[in-house]
Structure formats: C-alpha cells, structure tokens
Amino acid sequence: MVAVGTPIWAISLAELEAWMEAEGYPSYHARQVMRWLWLRGVSDPLQMSDLPAVLRRLLQERFDFVLPHLIRESVSRDGTRKFLWRMPEGGSVETVWIPHLKRHTLCVSSQVGCSLNCRFCATGQLGLERQLKGYEILLQVYAARYRLNLPTSHVVFMGMGEPLLNFSAVIEALKGLSQRLGLSPRRITISTVGIPKGILRLAECKEPFELAFSLHTAIPEKRRELIPLAAHIPLEDIRSALGVYCERRREWVTLEYVLLDGINDTPADAEALRAFVSPPLYAKVNLIEYNPVPGLPYRASRRMLEFQQALMKRGLLATIRRSRGVDIAAGCGQLARRV
Ligand code: SF4
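Every value quoted in this text rests on a predicted model; they were computed, and no experiment measured them. (Residues numbered from 1 in each chain as written. Predicted model: local features only at pLDDT ≥ 70, side-chain atom pairs only at ≥ 80, totals over all residues.)

**Student:** I'm lost on the site of the ligand in this one. Help?
**Tutor:** Looking at the ligand, the residues that line it are Cys-114, Leu-116, Asn-117, Cys-118, Cys-121, Thr-123, Gly-124, Met-160, Gly-161, Glu-162, Val-193 and Gly-333. Looking at the shell around the ligand residue by residue, the classes come out as six nonpolar, five polar and one charged. (Near = placed C-beta within 6 Å. Nonpolar A, V, L, I, M, F, W, Y, C, P; charged D, E, K, R; others polar.)

Structure follows, in structure tokens:
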C-alpha cells in the first residue's frame, strides 16, 4: 500500500507494479513510468505520452513528483559550478560540479549540515539539520543531468555531511545511481571521516564503489584536535576496520589528507602516515590543498611538494589534488551555503 503523496522517486519498480495492479492497470505501465522518469528525465506525469490519460492524472494525484528547487548557482573562473538546492523534504544543501578534461565529477551532499564539526570545515560550523533521504541524494545527480544538462561521469560523497552516519540512505542512493541512472559503481566514491561500524558494513556490500578515508593526520593527539569525533573513536579502531575492508573486498582505499600549514605537514606527520599504511591496510594518499574558511585560523600548507616527496621516499603512493572552485566557496571543506 503506497500512501498518497509518496515521492515517486522513492518508489521501487516492484512497488509501482503492485500499485498499478491494485488500481486495475497492467503492471507493465510501471516500467513505462520508470523509463520516463529515470531514462528520459521527464518528471511531469502528464507528459508520459504512452500512458492512458486517466492513469497520468491518477499518478499526478497520488504521487509527489517534486524535484530539488534551485535556489542559487555560482560559477567559478575555473569552470566549477556550485548549486544550492532546497530539498523536497526541507532544508538546503549544496552540490558541486567539477569538470576536468573528460571527467565530470559531481560532489553530492548526504546530510543537511553535519554534526561532526571538524575544526577546519565550514559545513561543520552549521551543525546537523537533518538526514537526507536516499532519493534526495539521488536527485542531486538527476537534477544536474536532466535539469542543468551537465554530464556526470563520477560521483563523490564529499559534499555536506558524513555519509556513514546516514548509511541506509547512502546505500539506497548508491544503488539508484547504478540501477536508475546507469552510472558505474566504480566511478562512485564514498568518503568518511572514520566510522568503524559503517566501514565494516561497507566491507560487506556487493557494489564495487571506491572508499576514501579523511585521515588528515596519523598522529592521534593532533587528529583529536582537528576532528572532535576522534576523541571518541581511536584511530587504531578505524585502521583495523579499513584493514578488514581491504581484505574482504581486495581493494585499496584512498587516504584524504588536507594539508594545513605547520599543523600536519611535518616530517613526524610523514613518518606517522607511513606507519599507518601497513597490511592489512592498503592505501594511496591524496594530498588536498586546504581552502581557507572565513573565521577559521588555518592556512594551506606551503610544503605540499616537500610533503609529497617525504611520503614517496617512504614508499607511499601520494598524489596532489589542487583546489577547484575556491572563488565561489565550492572547494573541499568550504560548503556552508555561502555565496
Ligand atoms: S569534514 Fe566532513 S565530516 Fe567533518 S564537519 Fe565537514 S562535512 Fe562534516
């Protein structure tokens, strides 16, 4: 039984088939509706021209077809675009589209705000307003593709929120990205600040997505200062969960490392990082240029190349990710609904 006003985006094919039959229609109309919605990007049931007119009106009456509402779009000098959406069930989140050669990455939000309050992150200053539903995460990609005509080859869960604190919605969105929007799970990255239970659950998932862990320093005392959650979750617990993940899935993880000037870019940090990456944890390091946030005391490291070389000398694979969209506050850690 589907309640009146249920978002059509949240309905599975099986549920829609059952609804069709209960209403006296052949179940194959459900497939037609799904094709219109997800393959053709048509969100108005009255335009679903191969359905009987009376069924189109019934769909309109019974289901909610509302999409995220675009409040504001900002365009960076480097081509990055940031969108502020009012979500169907309330609250606003940001999504960032980052074009780079043939790769077009959409960075989606998984929560409205974030409860974790990482010291260097603008989103953390907002606090958590609410969890997004799985379909609301999915609709950020849908809206980029069908409303803004932006190609999307990769999706990263690195926008607002901690994905593993909204686990079931993120997994629902992950499945929808491949099953409904045809995106290869290999091109989807879930990024976490380190929730061992969530990492262990991910280790059991069948979908072949990528996992990134926001480490930022492998020295526990420093990490506790940067990430309040680290006071409650020992780094060693996260490391052993990541080890299980690597062993079960036979995959590497990416360690995200925002380089902060004079804070986590010292030789001692490089040494701690080397010690952190050892079997059963297999990882490469992604060094990220810090994007300043107004009111926060951190600056981007001036020793990025030196730090990369220090890691490579120690046998680690380390790449550098330059900031994109900084002029529109769309860079990593900058999402706070500011212009
Ligand atoms: S870095 Fe991620 S987990 Fe930390 S406060 Fe920002 S959005 Fe939340």
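**Student:** Hey, could you run me through the sheet that holds strand E4 (residues 81-86) in this one?
**Tutor:** Think of a sheet as strands paired side by side through backbone hydrogen bonds, with each pair either parallel or antiparallel. With respect to topology, ten strands assemble into an open sheet ordered E3-E4-E5-E6-E9-E10-E11-E12-E13-E14, the strand pairing being mixed. Two strands bound the open sheet, and with one partner strand each, they are strand E3 (69-75) and strand E14 (318-321). Across the sheet, the mean angle from the axis of one strand to that of its neighbour is 25°, orientation sign disregarded. Where strand E10 (residues 188-192) lies against strand E11 (residues 210-214), four bridges are found, and the strand directions are parallel. Looking at the pairing, Thr-189 lines up with Glu-210 of E11. (Pairing = 2+ DSSP bridges. Helix = DSSP H or I, 4+ residues; strand = E, 2+ residues; numbered from the N terminus. Axes fitted to C-alpha atoms, helices over the stretch in contact; angles between N-to-C directions.)

**Student:** Looking at this structure, I do not really get the packing of helix H1 (residues 13-22) against helix H2 (residues 28-39). What am I missing?
**Tutor:** A packed helix pair is summarised by two numbers, namely the angle formed by the two axes and the spacing between the axes. With their axes 8 Å apart at the nearest point, H1 and H2 run at an angle of 130° to one another. With respect to each other, H1 and H2 are oriented oblique. In this structure, H1 meets H2 at a crossing whose hand is right-handed. Residue-level contacts link Leu-13, Leu-16, Glu-17 and Met-20 of H1 to His-29, Ala-30, Arg-31, Val-33 and Met-34 of H2. (Parallel < 35°, antiparallel > 145°, perpendicular 65-115°, else oblique. Left-handed = near helix turned anticlockwise from the far one by under 90°. Contact = placed C-beta atoms within 7 Å.)

**Student:** How do you make sense of the environment of Val-293 when you look at a structure like this?
**Tutor:** Considering the arrangement of structural elements, one finds Val-293 in the loop between strand E13 (283-289) and helix H10 (304-313). In the structure, Val-293 is positioned 63 residues away from Ala-230 in sequence and 21 Å away in space, judged by C-alpha atoms. Once residues within four sequence positions are removed from consideration, Val-293 is found in contact with Phe-120, Ala-122, Gly-333 and Gln-334.

**Student:** Could you clarify how one ought to interpret unusual backbone geometry in this entry?
**Tutor:** Working note: non-glycine residues mostly have negative phi, and peptide bonds are mostly trans. A cis amide bond links Pro-279 to the next residue, Pro-280, at an omega of 10°. Here Pro-280 is to be found in the loop between helix H9 (267-276) and E13. The phi dihedral of Asn-117 falls on the positive side, at around 55°, and the residue is not glycine. Note on placement: Asn-117 falls in the loop between strand E7 (111-113) and strand E8 (128-131). For Asn-149, which is not glycine, the phi dihedral falls at a positive 55°. Relative to the helices and strands, Asn-149 is located in the loop between helix H4 (134-146) and strand E9 (154-157).

**Student:** Would you mind going over the pairing of strand E5 (residues 92-100) with me for this structure?
**Tutor:** Moving residue by residue along a regular strand, the side chains alternate between the two faces of the sheet. Looking at chain direction, E4 and E5 are connected through six bridges and run antiparallel. Its bridge partner lying in E5, Lys-82 is registered against Val-96. The turn linking E4 back onto E5 is made up of five residues, and Gly-90 within it adopts a positive phi angle of 105°.

**Student:** How should the domain arrangement of the protein be read in this particular structure?
**Tutor:** How big an interface is tends to be stated in terms of accessible area lost as the parts join. With domains assigned, the protein is organised as domain 1 (6-64) and domain 2 (69-328). On a C-alpha basis, the centres of domain 1 and domain 2 stand 35 Å from each other. Between domain 1 and domain 2, the residue contacts involve five residues of the former and nine residues of the latter. Here the side of domain 1 that touches domain 2 is composed, by residue class, of four nonpolar, one polar and no charged. (Domains from an automatic or database assignment.)

**Student:** Just checking my understanding: could you explain H4 for this structure?
**Tutor:** With 13 residues, H4 ought to run about 18 Å at 1.5 Å a step, and its terminal C-alpha atoms sit 18 Å apart, in line with that. Most of H4 is tucked away: eleven of the 13 residues are buried. Listed in full, the buried residues belonging to H4 are Gly-134, Tyr-135, Glu-136, Ile-137, Leu-138, Leu-139, Gln-140, Val-141, Tyr-142, Ala-143 and Ala-144. Residues of H4 that are buried sit in contact with strand E1 (6-7), E4, E5, strand E6 (103-107), E9 and helix H5 (167-179). (Expected span 1.5 Å × (residues − 1). Buried ≥ 20, exposed ≤ 12 C-beta atoms within 10 Å, placed from the backbone.)

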